[in-house]
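Listed below, chain by chain, are the residues.
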2 protein chains.
Amino acid sequence: MPATLPDMTLATAVAIDDIRAAARRLEGHVRRTPVLAGTPIDAILARQLKGHGPKVAFKCENLQHTGAFKLRGASNALLQLDDGVKGVLTYSSGNHAQAIARAGADLNVPTVIVMPSNAPRIKLEATRREVARGHERSRIVEYDPQTQVREEVGGAIADEEGLTIIPPYDHPHVIAGQGTAALELCEDAGPFDVLLTPCGGGGLLSGSAIAAKAHNPHCIVIGVEPAAADDAARSFRSGVLHSVRNPDTIADGTRTPCLGRYTFPLVLVNVDRFVTVEEDEIIAAMRLVMERLKLVVEPSGALGLAGLLRLVHEEPGAVAGRRIGIVLSGGNVDLDALPGMD
Amino acid sequence: MPATLPDMTLATAVAIDDIRAAARRLEGHVRRTPVLAGTPIDAILARQLKGHGPKVAFKCENLQHTGAFKLRGASNALLQLDDGVKGVLTYSSGNHAQAIARAGADLNVPTVIVMPSNAPRIKLEATRREVARGHERSRIVEYDPQTQVREEVGGAIADEEGLTIIPPYDHPHVIAGQGTAALELCEDAGPFDVLLTPCGGGGLLSGSAIAAKAHNPHCIVIGVEPAAADDAARSFRSGVLHSVRNPDTIADGTRTPCLGRYTFPLVLVNVDRFVTVEEDEIIAAMRLVMERLKLVVEPSGALGLAGLLRLVHEEPGAVAGRRIGIVLSGGNVDLDALPGMD
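Conventions used here
- Residues numbered from 1 in each chain as written.
- Chains lettered and ligands numbered in written order.
- Predicted model: local features only at pLDDT ≥ 70, side-chain atom pairs only at ≥ 80, totals over all residues.
- Heavy atoms only, no water.
- Pairing = 2+ DSSP bridges.
- Helix = DSSP H or I, 4+ residues; strand = E, 2+ residues; numbered from the N terminus.
- Contact = heavy atoms within 4.5 Å.
- Axes fitted to C-alpha atoms, helices over the stretch in contact; angles between N-to-C directions.
- Buried < 20%, exposed > 50% of the residue type's maximum accessible area, 1.4 Å probe, protein only.
- Phe/Tyr/Trp six-rings, centres within 6.5 Å; stacked < 30°, edge-to-face > 60°.
- Lys NZ or Arg CZ within 6 Å of the ring centre and 35° of its normal.
- Lys, Arg positive; Asp, Glu negative; His and termini not counted.
- Salt bridge = Lys/Arg side-chain N within 4 Å of Asp/Glu carboxyl O.
- Buried area = accessible area lost by both parts, 1.4 Å probe.
- Polar contact = N/O pair within 3.5 Å; in protein donor to acceptor, adjacent residues only side chain to side chain.
- Nonpolar A, V, L, I, M, F, W, Y, C, P; charged D, E, K, R; others polar.
- Domains from an automatic or database assignment.

Novice: Talk me through the sheet that holds strand β4 (residues 111-116) of chain B; I want residue IDs and the actual numbers.
Specialist: All names here are of chain B. Within the open sheet, the 4 strands sit side by side as β5-β4-β3-β6. Their pairing is parallel. Edge strands, defined here as strands with exactly one partner in the open sheet, are β5 (139-143) and β6 (164-165). Bridge count for strand β3 (residues 88-91) against β6 is 2 bridges, and the pairing is parallel. Within the sheet, the bridge partner assigned to Leu89 lies in β6 and is Ile165. Helix-sheet contacts for helix α4 (residues 95-107) involve β3 and β4, and the interaxial angle to β4 is about 165°.

Novice: Provide a residue-level description of the pairing of β4(B), including the pertinent values.
Specialist: Residue and element names in this part refer to chain B. Burial analysis of β4 places 6 of its 6 residues in the buried class, the great majority of the element. Every second residue of β4 is oriented toward a common face, with Thr111, Ile113 and Met115 on one face and Val112, Val114 and Pro116 on the other, all of them buried. Sheet topology note: the β3/β4 ladder contains 4 bridges and is parallel. Paired with Tyr91 across the two strands is Val114, which belongs to β4.

Novice: So what's going on with the packing of aromatic side chains? Which residues, and what values?
Specialist: Given two aromatic rings, their pairing is described by the distance between the two centres and the angle made by the two planes. Residue and element names in this part refer to chain A. Counted by the stated rule, this structure contains 2 aromatic pairs over all chains. Judged by centre distance (5.2 Å) and plane angle (50°), the rings of Phe236 and Phe274 are tilted. You can see Phe236 sitting in helix α9 (residues 231-238) and its partner Phe274 sitting in strand β9 (residues 273-277), a full 38 residues away along the chain. The burial state of Phe236 is the same as that of Phe274; both residues are buried. Stacked on the ring of Tyr262, the Lys or Arg Arg261 has its end atom at 5.8 Å from the ring centre.

Novice: Describe the side chain of A:Lys70, with residues and values.
Specialist: Residue and element names in this part refer to chain A. Topologically, Lys70 is positioned in helix α3 (residues 70-78). Although Lys70 is buried, it forms no salt bridge, and the closest oppositely charged side chain is Glu298 at an N-O distance of 9.4 Å. Sequence-distant contacts of Lys70, defined by excluding residues within four places in its chain, comprise Asn95, His96, Ala99, Pro168 and Gln178.

Novice: Talk me through the pattern of salt bridges; I want residue IDs and the actual numbers.
Specialist: Summed over all chains, the structure comprises 44 salt bridges over all chains. Measuring nitrogen to oxygen at the nearest pair gives 2.8 Å for the salt bridge that ties A:Glu130 to A:Arg133. B:Arg150 serves as the salt-bridge partner of B:Glu151, at 3.8 Å between the closest nitrogen and oxygen. Residue classification places B:Glu151 among the partly exposed residues on the basis of a relative accessible area of 38%. We classify B:Arg150 as buried; its relative accessible area is 13%. In the salt-bridge network here, residues are joined through shared partners; they are A:Lys59, A:Glu61, A:Arg72 and A:Glu184.

Novice: Give me the lowdown on the interface of chain B and chain A, citing residues and values where you can.
Specialist: Contacts between chain B and chain A engage 29 residues on the former and 29 residues on the latter. Of the roughly 2,400 Å² buried at the junction of chain B and chain A (both faces included), carbon and sulfur atoms supply 55%. Linking chain B with chain A are 0 salt bridges. Summed over the shared surface of chain B and chain A, the number is 10 residue pairs in polar contact (both at pLDDT 80 or more). Counting residues per element, the ones that place at least two in the side of chain B that touches chain A are β1 (35-37), α5 (121-132) and α11 (279-293) of chain B. If you tally residues by element for the side of chain B that touches chain A, the top one is α11(B), at 5 residues. Looking at the side of chain B that touches chain A residue by residue, the classes come out as 11 nonpolar, 8 polar and 10 charged.

Novice: Go over the domain arrangement of chain A with me, naming the residues and quoting the values.
Specialist: Residue and element names in this part refer to chain A. We note that the domain assignment places domain 1 (8-67 + 172-337) and domain 2 (70-165) within chain A. Of note, the centres of domain 1 and domain 2, computed from C-alpha atoms alone, are 24 Å apart. Linking domain 1 to domain 2 there are 5 salt bridges. Taken together, domain 1 and domain 2 are joined by 12 residue pairs in polar contact (both at pLDDT 80 or more). For the side of domain 1 that touches domain 2, the elements supplying multiple residues, two or more each, are α1 (16-26) and α7 (172-189). The biggest single contributor to the side of domain 1 that touches domain 2 is α7, with 8 residues.

Below, the structure is given as C-alpha cells:
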C-alpha cells in the first residue's frame, strides 16, 4: 500500500466558530456535564512532584447522556441533516452507535447501526434500548469484524436504502460536536496550560484541540493512545498515515484503525504531541478515577489521566505546577469484565 | 432498660433558617455537587410501571469532597466553634471522621478522631491522609468496637484534653449542615413529590426532611434503612427509641445503634415514613448506579435508590408519575470488597 499523505486543504474543515455554533445547537440535546477540580488527584500528584503538583480539572463526559461524549457529535450531525433525508446509517463499536441511536430516537430520524458482533455487551444492549424506542425503521446490523469491513457492510446498505452515512469521527459536524466538551471545560475551569484527551479516530482530540487553542493559544494539547493502538501517534510523528488493525487493547473506544481524511490534517495542525500508555497504566488510571473521583470510566475514558501519570514520571517538568484539563470521555464498561476489580 | 421516649422540645433545635444559614456559611468550603436528572433509571422505571415512571433526580454527594455529604455537617460545626477552643474530637466509622479531619485541616483546628479498628480500609486511609496534612496535634485513635464503646473512649480523651466533641450526627450544627444537600437538590431540580435519603443516625434524613418540606410542604420524605439495621424505622413506628448494636449489614454508614437526642424528635416531626431493604437490594441498587449513572457509590449511598425500587414493586401507586429526589450520600467503598464485582 502506498504511503497515504494528508490532504492539508481539509485542515480548515472545522474551526472554532463551528464548535461554538455546535454548542448553541446542542443546548437542550446534550447535558452540560460537570467539571471536577480540587480533587484528591491533585494531592497525590503534589506528593509525587514534591509540592509542585498540577491543578487538574476533569470534564465528566462519562456522565453525558449515553455515557459518552459521542452524543455531542452525533446530535450535531443529525440536527443539520437536509430536509427529506430518508434516515442515517453508521458503524461503530459502541459509543457512537448508542449516540446515533439516541439522537435518532430524540429527533425521530430512522437509524441503521452497523456494529461488530464482538462489541462490548453493555454497549450492544444500550444501543438496542435506544433503537427500540426510536423510529420503527431503526435497527441494528451486526457484522463479523474478523472477516468483514464495516465501511463496506454499511456502504452497501446505505446505497440500497438511500441513507446518509454519519461516520463515527471523520465528519466535520461530528468533529465540531465533539469539540464542545473541551469548550465547556475551558469555559468552566480554564484557562489551561495543558489539555489531554484520548485519541481513537481523532474526532474528540481534534475538536478539543481547536477549542482549547481558541481559549488559550499557548495551551499544549496532547493526544493519548494505548501503546498497542498507536496508529495516530505514529501518523502524527511521520506525517504519513499509519494503521493498526484490531489492536489488542482493553481501550475498545480506540480500536479504530487510523485517523481519517479530516481528522489527520486537523490533528497535524492543532495537536502538539502524543503520549502512549501501556495496558496496565490504563487499568491503574481507571481504578484511580473510580477510587478517588467516585466516577465509573471505561478504559478509553481514563486515557487522559493515564497519559498525565506517564508524564509525571517521565517528564515532570512538562506538568509540574501547570493548569491541566482532562476529558474523561466515557463510562460504558462491563463491570463484570473489569480487570483488577476481582 | 426502660423505654426511651423522645424529648419533643428538641424538635425545634433545627429549622429551615438554620439550614439556609449553613448553606451560606459553607460556600467555598464544600462542593455544590451536581444533580443528575433524565437518566436511564427513568426509562427503566417507566418500563416497570407501564409508562407511568417517576422522574428521578439524583444528588451526587459521592462527588462531594471527602466522598460523602458528611463534610457539610462537619464544616458547619467547625465554622461555628467558639474562639479559644483547644480542638475537636469525634468518633466515627469513617465518613464523618474524614470530614472532621478535612475541615480541621482546612480551618487549622486540631482534631482527634476516634475510629473503630474494623473501619473500612479506604475510610481509615483517607482519614489518615487528612490528619497528616492537618494541625500537628491532630491524630487518629483506634478502638475495638467489640469491647469498647466509642462515646466512652472519646469522652475520656475529650475531658482530659479539653476538646469539644462534634458527634457524627446528633448535633444541631451537624444536622443543619447535612440539610444543605437536599436544599441544593430542591433548588436545582425540585419541587419533589417524594424525597428518599439513607438513614443511619438520622442527621442527613432529618436535615433533608426540613429542607424538602420548606421547599414543598406536600413532599413525602422517606428514610431508607437496611432491614438488618432497622432501629430508626422501629423507633419511628413505635415512638420509643429502639437500638440495633453492630448490625450485620454491608451498609457500614448505617451501623449507628440508634437515633439521637436531637435526631429522634426531628425525624418524628419531619419524616413521613420509612422503607427497609434487604442486603441484596442494596447491592443491586449500587450496581445500577454504577452501570447506569456511571457513579461509584458505597452501599449506604445507594439506599435511597434501593428504597425507591422496593416501592416500585410493593407500592407502585406511591411513586408512579411522581417527581422524586434521591440523595446518593457517599462513594467511599473498597473496590476490592465490592460484592457482585468479581
